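Residue strings, one per chain:
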Amino acid sequence: MSVLDIKPAIAGGIAILTASVLALYFRNSNRKPGPETFPGPRPDFLIANIRQFPKSHWKDVFKAWKDEYGDVVHLRLPGTSMLILNRWEDAEELLTKRANIWSGRPANHMVNELMEFGWSVLQMQPSHPFYEMRKVFRKVLGPGAIGDYDRLIEGASQELVKDLASFSGDPLSLIQDSIGKVIVTISYGDDLWRDQGKQLVQINTEGVDLVTHVFGQIWLPNIVPITRFLPSWFPGLTFPKVAKRGREIFHTIRYSPFEVVKNAVDRGEADFSVISKYIDDPEISKESLRDATAMMYFGAVDTTSTSLANFLYHMLMFPDVQKKVQKELDDVIGRGNAPNMASIQTAKYLKAAWEESLRLLPPFPTSVPHISLSEDHWKGVYIPQGTWILSNFSWMLRDPRIWGEDSTEFKPERFLPEFNPHANELKDVESSVFGFGRRICPGRYLAERNGIIYAAAIMSAYDIVPLNGGPIPTSVEFTGGQILRPLKLDIHFSLRK
Ligand code: HEM
């Protein structure tokens with residue numbers, strides 16, 4: 001988190017106002033018992049743990065706090081508290097078993113009201129519209145429907161394979177373009193992709209970047225809600241301008257492509273897509289279908305691309321595993337053949353390598369925050385309503401209590417009973433990587449299929465090797481934001497002989 005996004009001229013006045021509000025918050029919150037018995041870094045007067053909260057690389061700081069304070073770490077933030085969970089069973093207990101309490105999202109006036117993004121399932125509190133949208137996701141991306149998109153994904157994977165021929169460098173943007181196309185086509189159809197796919201990708205990308213930026217800053221209206229009514233000409237304020245751009249972007253994302261496909265359906269000219277297939281489904285409302293579909297690009301592109309980039313990183317770093325993946329693919333689909341979902345069903349080693357890559361590099365290493373919608377009592381501690389929870393997936397997925405002493409090593413064999421007699425007792429990696437409880441990622445089946453088909457297509461066509469025949473890198477730097485992937489991949493895609 002960084003500083004207030006305002007100019008210095010009025011910073012003094014605002015600081016006094018903010019300090020008074022914070023003091024009020026603390027006076028009030030001190031009246032209630034807090035989760036004082038969970039240990040954590042010592043808060044400063046007035047600003048609580050803001051100074052200690054990391055600006056980046058949360059997973060590394062959370063790991064250090066776990067080592068110092070244990071499985072549950074407590075922080076104080078202005079007006080609220082945060083728990084960081086490091087034990088898988090604790091995340092299951094609170095987020096899954098007590099989901100009626102722990103399924104809220106932190107309120108963010110800047111994003112939800114000022115940028116008018118409160119309609120998104122990601123931001124919404126559990127409520128009738130939220131459950132309606134989750135129903136849409138279950139219907140259109142659940143196990144019963146997900147196979148409908150296989151052919152499209154398989155075709156797109158072969159286009160990506162062509163684009164990667166003799167490619168050297170970081171393939172991330174090629175992968176993102178390819179997955180962006182898949183998601184837009186699944187959501188709105190091939191016709192819309194051809195007519196305005198590029199613009200839709202552009203505006204979604206701007207939306208993702210803007211929301212990421214806004215989440216990373218402290219905004220005046222989030223601390224002093226009444227300031228949201230300050231006029232846009234008020235000297236020194238930048239939030240009105242940012243909010244206005246947000247409103248424009250999210251209005252377009254929400255309404256524009258839906259209207260185009262709806263009109264095509266009315267004219268009887270629509271091609272296959274989620275919208276055209278489900279628009280007249282009596283079990284779901286048109287509004288929920290529109291709003292759920294509008295979030296697909298947002299949820300899917302960076303995450304799925306990251307999972308594939310992380311898999312390629314592991315193939316580069318572990319050539320022995322790469323060879324085993326390729327040998328299995330040759331046996332299962334035949335050398336030179338394009339894989340499809342049906343033909344890779346028996347590719348158990350590929351699946352194990354994919355899981356192992358997700359385990360060691362989960363795309364969201366410190367999860368997405370939940371808050372408690374009512375008070376709770378846990379481990380003898382009173383936890384007030386509105387407490388934040390972050391699950392430290394990155395540690396849970398390396399916890400030696402679950403994964404054994406070799407938990408930090410890249411070993412797909414751990415998932416295969418022929419190599420590990422305890423393989424079937426291991427936790428399901430995907431039930432952590434995609435979140436716990438009622439907010440679990442609704443796109444997980446699509447992400448899995450998209451990822452594994454792309455991985456199979458690339459691995460059966462190419463050797464993943466270092467640039468210019470150089471050595472395997474000894475260390476690679478990773479991103480420090482909410483999404484975890486190599487900062488820059490240097491790969492050469494060498495056509496397999
Ligand atoms: C490897 C790929 C992906 C990963 C690692 C991932 C991970 C996650 C995680 C950790 C959450 C938060 C869960 C929680 O709060 O407990 C989430 C939420 C979400 N994801 Fe994904 N996701 C992926 C792909 C997708 C795809 C393909 C879609 C859509 C097509 C999608 C749509 C969403 C949405 C809409 C939410 C918000 C759900 C809510 O707040 O109720 N994600 N995802």
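Residues numbered from 1 in each chain as written. Predicted model: local features only at pLDDT ≥ 70, side-chain atom pairs only at ≥ 80, totals over all residues. Heavy atoms only, no water.

A. Seen up close, the coordination of the iron atom of the ligand. Looking at the iron atom of the ligand, one finds just one donor atom contributed by the protein, Cys-441 (SG), at 2.3 Å. Residue position: Cys-441 is located in the loop between helix 18 (430-433) and helix 19 (444-461). (Donors = N, O, S within 2.8 Å, 3.2 Å for Na, K, Ca; no water. Helix = DSSP H or I, 4+ residues; strand = E, 2+ residues; numbered from the N terminus.)

B. Layout of the pattern of salt bridges. Scanning all chains against the criterion turns up 43 salt bridges. Across the salt bridge formed by Asp-266 and Lys-262, the nearest N and O atoms sit 3.8 Å from each other. Of this pair, Asp-266 and Lys-262 both sit in helix 10 (residues 239-267), 4 residues apart, which is roughly one turn of the helix. For Asp-266, a relative accessible area of 58% corresponds to the exposed category. Residue Lys-262 is classed as partly exposed on the basis of its relative accessible area of 24%. Connected through salt bridges with shared partners, the residues Arg-87, Glu-89, Asp-90, Glu-92, Lys-379 and Lys-427 form a single ionic network. (Salt bridge = Lys/Arg side-chain N within 4 Å of Asp/Glu carboxyl O. Buried < 20%, exposed > 50% of the residue type's maximum accessible area, 1.4 Å probe, protein only.)

C. How the structure looks around the side chain of Arg-105. Among the structural elements, Arg-105 can be located in the loop between helix 3 (88-97) and helix 4 (109-114). Of the side chains bearing the opposite charge, Glu-113 lies closest to the buried Arg-105, which forms no salt bridge; the N-O distance is 14 Å. At 3.0 Å, the side chain of Arg-105 forms a polar contact with the backbone oxygen of Pro-369. When residues no more than four places from it in sequence are discounted, the contact partners of Arg-105 are Leu-122, Gln-123, Met-124, Gln-125, Val-368, Pro-369, His-370, Ile-371 and Arg-439. (Lys, Arg positive; Asp, Glu negative; His and termini not counted. Polar contact = N/O pair within 3.5 Å; in protein donor to acceptor, adjacent residues only side chain to side chain. Contact = heavy atoms within 4.5 Å.)

D. Region of interest: the sheet that holds strand 4 (residues 370-371). Reading across the sheet, the 4 strands line up as 1-2-7-4 and stay open at both edges, with mixed pairing between neighbours. A strand with exactly one partner marks an edge of an open sheet, and here the two such strands are strand 1 (72-77) and strand 4. Of the strand pairs in this sheet, strand 4 and strand 7 (residues 388-391) are connected by 2 bridges, and their pairing is antiparallel. Pairing of Ile-371 across the sheet is with Trp-388, part of strand 7. Where helix 2 (residues 58-69) meets the sheet, its contacts fall on strand 1, strand 2 (80-85) and strand 7, and the angle it forms with strand 1 comes to roughly 115°. Across the sheet, helix 3 touches strand 1, strand 2, strand 4 and strand 7, and the angle it forms with strand 7 is around 140°. (Pairing = 2+ DSSP bridges. Axes fitted to C-alpha atoms, helices over the stretch in contact; angles between N-to-C directions.)

E. Spatial organisation of the pairing of strand 7. Relative to strand 7, strand 2 is paired through 4 bridges, and the arrangement is parallel. Bridging from a neighbouring strand, Met-82 pairs with Trp-388 of strand 7.

F. Looking closely at the site of the ligand. Arg-105, Arg-134, His-370, Arg-439 and Cys-441 are the nearest of the 28 residues found near the ligand. In this structure, an oxygen atom belonging to the ligand sits 3.4 Å away from a main-chain N or O atom of Val-121. Between Gly-299 and the ligand, the recorded distance is 3.3 Å, taken from a backbone N or O atom to a nitrogen atom. Where the shell around the ligand is concerned, the elements lending two or more residues are helix 5 (128-141), helix 13 (296-317) and helix 19. With 6 residues, the single largest contributor to the shell around the ligand is helix 13. Broken down by class, the residue content of the shell around the ligand amounts to 18 nonpolar, 7 polar and 3 charged. (Near = heavy atom within 4 Å. Nonpolar A, V, L, I, M, F, W, Y, C, P; charged D, E, K, R; others polar.)

G. Spatial organisation of the UniProt feature "binding site: heme" (unreviewed entry) in the chain. Here, the residues flagged by UniProt with the feature "binding site: heme" (unreviewed entry) are Cys-441. Excluding residues within four positions of it along the chain, Cys-441 makes contact with Arg-134 and Phe-434. (UniProt positions renumbered as here; feature names shortened; annotations may be inferred.)

H. Main features of the environment of Glu-93. When you line up the elements, Glu-93 lands in helix 3. At 2.9 Å, the side chain of Glu-93 forms a polar contact with the side chain of Arg-98.

I. Inspection of unusual backbone geometry at higher detail. For His-57, which is not a glycine, the phi torsion comes out positive at approximately 50°. Mapped onto the fold, His-57 is located in the loop between helix 1 (8-31) and helix 2. Look at Asn-468: it is not a glycine, yet its phi comes out positive at around 50°. Among the secondary structure elements, Asn-468 is positioned in the loop between strand 8 (462-466) and strand 9 (491-495). The class for Asn-468 is exposed, based on a relative accessible area of 78%.

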